[in-house]
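# A closer look at the structure
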Amino acid sequence: MDGTKQLVTEAILQNLEISECSPPWKINSVIKVADLGCAVGPTTFFQVQNIVDAVELKYRGNSQIPEFQVFFNDLTSNDFNTLFAS
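Residues numbered from 1 in each chain as written. Predicted model: local features only at pLDDT ≥ 70, side-chain atom pairs only at ≥ 80, totals over all residues. Heavy atoms only, no water.

## What about the side chain of Asn50?
If you trace the backbone, Asn50 turns up in helix H2 (residues 43-58). On the basis of relative accessibility, which here comes to 8%, the residue Asn50 falls in the buried class. Apart from residues lying up to four places away in sequence, Asn50 is in contact with Lys5 and Val8. (Helix = DSSP H or I, 4+ residues; strand = E, 2+ residues; numbered from the N terminus. Buried < 20%, exposed > 50% of the residue type's maximum accessible area, 1.4 Å probe, protein only. Contact = heavy atoms within 4.5 Å.)

Structure (structure tokens):
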């Protein structure tokens, strides 16, 4: 496990408590992840996947693993076609 993935996983395992989220957690709840400054290429997908993997690891025994929505945003000069082609 690389250093960044390990840090993200540890932080989520220690700090994320879905039961404390507002509004109260429901089966159809969605966790939204925003990358505000995403890179062009696969790097940004790896980082988002690390977050999704860590949340799924934390709630693996729970039949209510959330749905995820991911938002990518960056400078208009970055080519989003290249991001999604990678």
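## Looking at the pairing of strand E1 (residues 30-36)
Burial along E1 is one-sided: the residues Ile31, Val33 and Asp35 are buried and none of Val30, Lys32, Ala34 and Leu36 is. Here E1 pairs with strand E2 (residues 67-73) via seven bridges, running parallel. The partner of Asp35 across the bridge, within E2, is Phe72. (Pairing = 2+ DSSP bridges.)

## Describing the confidence of the model for the protein
Averaged over every residue, the pLDDT of the protein is 78; the share at 70 or more is 72%. Across the protein, the element-wise mean pLDDT spans from 64 in helix H3 (residues 80-85) up to 91 in helix H1 (residues 3-15). (pLDDT = per-residue confidence, 0-100.)

## A few points about the packing of aromatic side chains
In total, this model carries one aromatic pair according to the counting rule given. Arranged with centres 5.3 Å apart and planes meeting at 70°, the rings of Phe45 and Phe72 form a pair that is edge-to-face. Within this pair, whereas Phe45 is found in helix H2, its partner Phe72 is found in strand E2, the two being separated by 27 residues in sequence. (Phe/Tyr/Trp six-rings, centres within 6.5 Å; stacked < 30°, edge-to-face > 60°.)

## Quick look at the nonpolar core
By size, the foremost hydrophobic cluster in this structure holds twelve residues: Ile12, Ile18, Ile31, Val33, Cys38, Val48, Val52, Ala54, Val55, Tyr59, Phe68 and Phe72. Breaking this core down by element, the ones donating at least two residues are E1, H2 and E2. Take this core: its biggest share by element is four residues, from H2. Among residues more than four places away in sequence, those in contact with Phe68 are Val30, Ile31, Val33, Val52, Val55 and Glu56. (Core = buried A, V, L, I, M, F, W, Y, C linked by side-chain atoms within 4.5 Å.)

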